[in-house]
Amino acid sequence: MAAATPERPVSPPPGPRPIQRLQESVINRIAAGEIIHRPASALKELIENSLDAGATSIKVTVKDGGMKLLQIQDNGCGIRKEDLPILAERFTTSKLSSFSDLSRLTTYGFRGEALASISYVSNLTVVTKTKADTCAWKACYVDGSLAPAKTGATADPKPCAGNDGTTITVENLFYNTPTRLSALRGSSEEYSRILDVVTRYAIHNPHVSFTCKRTGNPSPDVSTPSSSTTLQSIRLLYGQTLAKELLHTSVSSFGKGKGRASPVSCDTSDEDAVEEENSWSADAYFTNANYQAKRMTLLLFINHRLVESSRIKRALEAVYNGVLAKGASPFIYLSLQIDPKSVDVNVHPTKKEVHFLNEDAIIEQIADTVQHALIGQSQSRVYEYQTLLTGGVAEIPSSQKSKGKRKAREEEDMDATEESQPNGASNSDNPEDNQSAPGPSQTAKRKVYSYQKVRTSLKDRTLDSMFPVTHPSQLKRTDSGGDEDNSPRTLETPPMVRDREIKESQCFLKSVRDLRNSVTKAKHHQLSEILAKHTFVGVVDPARCLSLVQHGTRLYLLNHGSLAAELFYQLGLRQFGNFSRIRLDPPPDLRMLITLAIDAEEALEQSGMTKADAVNRIVNLLMARRDMLHEYFSLGISENGLVETLPMLLRDYTPNLDKLPLFLMRLGPQVDWTEELPCFDTFLRELSYFYVPEPVLLPERNTRGAAAEPISEQDVGAQKATLWQIQHILFPAMARYLVPPKSLLDRDVVQVADLPDLYRVFERC
């Protein structure tokens, strides 16, 4: 039997750890991490100090994204020599002396933590001179205290040469916090953040000259003059493309009304002074509907302080949601002046957020003002286009005559690229646009190769589109008597195609709303893009209803009959209860039309009904529901059984009236009259089949190319009219109104060619 192992003594659970007072250096370093996140946040604090000092010129120099060197030089009032020993200590400030001063604060800084925090995570050097001093004074700081510049020297400030103002140099940022240093992005990313901070403050302070550059670069990346305006600063920093689309508006609590907005064309004054208690005023520059960017740019200043506000941003985004397309964003500069007593600036360590009274009311009034301005300016949009002048040959400069064939071929490709822009967009012809400094919105042109070029445009229009072809059945006889076949006919003056929008009718029937929602849910986005931006090529097979369209570099074969059936169904659903009418004069007899269709129906004998019984049943069915047909579908049937009106689904398009007997006959067996939703759905389907164009089938030709039967002029004219309507009425209507379902991709839409694939085939040959 094994010996029992001795039990180990159970140690008592550990007690609570003692509470210790942290060292001052640890406290200060933790606080510095809350304020100084990256070089851009340090620069923001230094720029605000320079602006508080009344500087009119601020120069920023950066090395390695601000991690090796970040220097800011201003011409402000400077710092007294007596204040230098406590300059980098925490909670030392000249902005306030008591807590009540926060309610009257008009400066950027107030806590006195910026320089202290910077000195705890970097090597800080200050060179300053006031107007009363005869020389400048230089002081170095480490961990909030004066430090000697060199080993063995004293820590007292040293006299040196310098200009009026202050120069602050931050070196080796985050040298003692390796975790924070490793979390930073690359130097290029950090430098772009620094440029963004300088750009924002330069726009809000147009009376101050800002300069920002990398060490070793002779030219600055940002440079603005003093005594400028907000509009001029935006034009200089973001480019003429954005500046020309700006609107300007002002709103305040004094008027309690909507501010007046106008396109920016002249210099405007800065923010008005806030004089009354709890009063406020706002000044905004924002882009109209012509400008669209991928990301929203919001420059928000509250009492001259650069802040962020998610509530203001969401309110302005909601305003633009109804103006811009999905995925597009605006540019907004908003300066809000509020009574300092109504603002709480001490809510965030970096002061990037503030709270103020009546926040909801102020945001709502600003958003309403911007919305009214956009509505007033969105009634007309400006589109730039490039005109192609023909008949002249540009003279080749002598300096370019010696270029090789390869260089010349590349230039021709670039010229063709500019001429084949599908939307007609081009560079502005204004010389000032080309001379403006490159801003964030300007990008370099990318070369487009031959196999990527789209050589068609949606704006192309041929002469035949301006002269509608009238169907022979709509020709007017010159005389009222005589034989119908032998009487001469003349064309009426064909109406021009009118581009009127078909508005969706207001309907409260749940069944109709459900049908409309089902159409929207079944939408195929890629097919919608193809149809909305297609270029019509031609009808390749009228008998099989096949047409070719181009989208980008791809060629598609479409069954325009199936697409037209879906289009007319959706147009009927779109105009439910509010159809225009086609009046028949003289009105035909309903019973006669149905009898004609029944006589041509071969499958009637299988149903076991006689022709007379079928006619009576359909006529009685339609006559009993003629009030509903007239109210919902504008299908007018008189008490005497005469068909007076038909619904008009598409203006300038007349259906083939030869199909009217078949349409009326099919309303009996093919429409579900028992329930509301199936009734409306099946009726609109039959109506769409009635509207679908069916080209006249010309007689077949023999092997020698001659027609087996003579072709009448009426058949040729009917086919020409049908083909003209397909190209110039149906396909433009599809691009504008059709919401194609995914089911059309099964057999009605086929890609037949792609330009890059064709180039690969030719490369193998």
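Owing to the predicted nature of the structure, the values given are computational and were not obtained by experimental measurement.

**A word on the overall build of the protein**
Looking only at helices and strands, the protein has 22 helices and 26 strands in total. Looking at the 765 residues of the protein, the share that counts as buried comes to 42%. For the protein, the proportion of contacts with a sequence separation of at least 24, taken over those separated by at least 6, is 71%. When the accessible surface of the protein is summed, it comes to about 44,300 Å², and 50% of that surface belongs to carbon and sulfur atoms.

**Some points on the pattern of salt bridges**
By the definition in use, this model includes 17 salt bridges. A salt bridge links Arg554 to Asp754; the shortest N-O distance between them is 3.6 Å. Here Arg554 is found in strand S22 (residues 554-559), whereas its partner Asp754 is found in strand S26 (residues 749-754), with 200 residues between them in sequence. Judged by relative accessible area, Asp754 falls into the buried class, the value being 9%. In this structure, Lys611 engages Asp599 in a salt bridge whose closest nitrogen and oxygen atoms are separated by 3.9 Å.

**With respect to helix H15 (residues 590-599)**
Listed as buried for H15 are Leu590, Leu593, Ile594, Ala597 and Ile598. Buried residues of H15, viewed axially, fall in a sector of 135°; they line one side. Between the side-chain oxygen of the N-cap and the backbone nitrogen of Arg591 there are 3.2 Å, and the N-cap of H15 in question is Asp589.

**Considerations on the pairing of strand S21 (residues 546-551)**
Counting buried residues along S21, six of its six residues qualify, which places the element largely inside the surrounding structure. Here S21 shows a buried face lined by Leu546, Leu548 and Gln550 and a second buried face lined by Ser547, Val549 and His551. Note that strand S20 (residues 535-541) and S21 share five bridges and pair antiparallel. Bridge pairing in S21 links Val539 to Ser547. Two successive antiparallel strands, S20 and S21, enclose a turn made up of four residues, where Cys545 displays a positive phi of approximately 55°. Bridging between S21 and S22 involves six bridges; their strand directions are antiparallel. Residue pairing for S22: Leu546 is matched across the bridge by Asn559. Connecting the antiparallel pair S21 and S22 is a turn made up of two residues, with Gly552 showing a positive phi of about 65°.

**Focus: the packing of aromatic side chains**
Here the structure, examined in full by the defined rule, presents 19 aromatic pairs. Counting every residue linked through ring pairs, the aromatic cluster contains Phe568, Phe576, Phe579, Tyr632, Phe633, Tyr653, Phe663, Phe680, Phe683, Phe690 and Tyr691. The ring of Tyr569 carries Arg685 above its face, with NZ or CZ at 3.6 Å from the centroid.

**Points about the sheet that holds strand S24 (residues 636-637)**
Backbone hydrogen bonds hold the strands of a sheet together, and the pairing may be parallel or antiparallel. Judged by pairing direction, the sheet is antiparallel, and its three strands sit side by side in the order S23-S25-S24 without closing on themselves. In this open sheet, the two edge strands, each paired with only one partner strand, are strand S23 (580-583) and S24. As paired strands, S24 and strand S25 (residues 643-648) are joined by two bridges and run antiparallel to one another. Note that in S25 the partner of Ile637 across the bridge is Val643.

**Concerning the environment of Ser227**
Its place among the elements puts Ser227 in the loop between strand S9 (222-223) and helix H6 (230-238). Owing to a relative accessible area of 68%, Ser227 belongs among the exposed residues under this scheme. Separated by 22 residues in the primary sequence, Ser227 and Asn205 have C-alpha atoms spaced 9.4 Å apart. The contacts of Ser227, once residues within four sequence positions are left out, are Pro206 and His207.

**Remarks on the packing of helix H5 (residues 187-204) against H6**
In the contact formed by H5 and H6, the axes pass within 8 Å of each other and the chain directions differ by 155°. With respect to each other, H5 and H6 are oriented roughly antiparallel. Each of Thr199, Ala202 and Ile203 in H5 lies in contact with H6, whose residues at this interface are Thr230, Ser233, Ile234, Leu237 and Tyr238. Looking at the contact of H5 with H6 residue by residue, the classes come out as five nonpolar, three polar and no charged.

**Topic: the side chain of His248**
Looking at where His248 falls in the secondary structure, it is placed in strand S10 (residues 246-252). For His248, a relative accessible area of 12% translates into the label buried. Among the polar contacts made by the side chain of His248, one reaches the side chain of Asp283 at a distance of 2.7 Å.

**Some details on the state of the cysteines**
Per the stated rule, a full pass over the model turns up zero disulfides. Just so you know, Cys140 is unpaired, no disulfide at all, and the nearest cysteine sulfur is the one on Cys160, 10.0 Å from it. Since its relative accessible area comes to 15%, Cys140 is described here as buried.

**With respect to unusual backbone geometry**
Asp585 connects to Pro586 through a cis peptide bond whose omega is 0°. With respect to the secondary-structure elements, Pro586 resides in the loop between S23 and H15. Even without glycine at this site, Asp143 takes up a positive phi of about 55°. Judged by its relative accessible area of 29%, Asp143 falls in the partly exposed class.

**Digging into the confidence of the model for the protein**
Model confidence for the protein is summarised by a mean pLDDT of 78, while 70% of its residues fall at 70 or above. Least confident of the elements in the protein is strand S19 (residues 489-490), whose mean pLDDT is 36; most confident is strand S1 (residues 57-63), at 95. Low pLDDT, under 50, characterises residues 476-497; the predicted model gives this stretch 29 contacts beyond four residues in sequence or across chains.

**Details of the side chain of Ser528**
When you line up the elements, Ser528 lands in helix H13 (residues 525-532). With near-sequence residues (within four places) excluded, Ser528 lies in contact with Lys523 and Pro740.

**Let's talk about H13**
Within H13, burial applies to Leu527, Ser528, Ile530 and Leu531. Taken down its axis, H13 places every buried residue within 160° of arc, on the same side. In H13, the exposed positions that point more than 90 degrees away from the buried face belong to His525 and Gln526.

**As for the packing of helix H12 (residues 510-521) against helix H20 (residues 676-691)**
Close contact between H12 and H20 brings their axes to 9 Å; oriented N to C, the two are set at 55°. Classified by the angle between their axes, H12 and H20 sit oblique to one another. Crossing handedness for the pair H12 and H20: right-handed. Contact residues: Ser511, Val512, Asp514 and Leu515 in H12; Glu676, Leu677, Phe680 and Asp681 in H20.

**Observations concerning the sheet that holds S22**
A sheet is described by the order of its strands in space; here four strands give the open sequence S20-S21-S22-S26, paired in antiparallel fashion. Every other strand in the sheet has two partners, leaving S20 and S26 as the edge strands with one partner each. Neighbour to neighbour, the strand axes of the sheet diverge by 25° on average, direction disregarded. Strand contacts of H13: S21, S22 and S26, with the helix running at about 95° to S22, the strand carrying the most contacts.

About the cut-offs
Along every chain, residues carry numbers that run from 1 in the direction the sequence is written. Owing to the predicted nature of the model, reporting of local features is limited to residues with pLDDT of at least 70; listing and counting of side-chain atom pairs is limited to 80 or more, with chain, interface and lining totals taken over all residues. As a rule here, side-chain values come from all non-hydrogen atoms in the structure, and water together with hydrogens is ignored. Working definition: helices are DSSP H or I runs of at least four residues, strands are E runs of at least two. Numbering for both runs from the N terminus. Accessible area is worked out with a 1.4 Å probe on protein chains only. A residue is then buried under 20% of its type maximum, exposed over 50%, and partly exposed in between. Contacts between residues were defined by any pair of non-hydrogen atoms, one from each residue, lying within 4.5 Å. Accessibility throughout is a Shrake-Rupley quantity obtained with a 1.4 Å probe, and a residue counts as covered only by protein chains that appear here. By salt bridge we mean one thing: a side-chain nitrogen of Lys or Arg within 4 Å of a carboxyl oxygen of Asp or Glu. The directions considered for the arc are those from the helix axis to the C-beta atoms. Pairing of N or O atoms within 3.5 Å defines a polar contact, subject to two protein rules: one partner must be a possible hydrogen donor and the other a possible acceptor, and residues neighboring in sequence count only if both atoms are side-chain atoms. A strand pair is defined by DSSP finding two or more bridges across the two strands. Aromatic rings from Phe, Tyr and Trp, taking only the six-membered ring of Trp, are treated as a pair when their centres fall within 6.5 Å; an angle between ring planes under 30 degrees marks them as stacked, one over 60 as edge-to-face, and anything in between as tilted. Whether a charge sits over a ring comes down to the Lys NZ or Arg CZ being within 6 Å of the ring centre and within 35 degrees of the ring normal. Inter-axis angles, ranging from 0 to 180 degrees, are taken between N-to-C directions of lines fitted to C-alpha atoms, where helices are fitted over the stretch in contact. Roughly parallel covers angles under 35 degrees, roughly antiparallel covers those over 145, roughly perpendicular covers 65 to 115, and oblique covers all other angles. Three residue categories are used. Nonpolar comprises Ala, Val, Leu, Ile, Met, Phe, Trp, Tyr, Cys and Pro, charged comprises Asp, Glu, Lys and Arg, and polar comprises the others, including Gly. Whenever a pair of cysteine sulfur atoms sits within 2.5 Å, that pair is classed as a disulfide. On a range of 0 to 100, pLDDT expresses the predictor's confidence in each residue. Left-handed is the label given to a crossing in which the near helix is rotated counterclockwise from the far helix by less than a right angle, and right-handed is the label when the rotation is clockwise.

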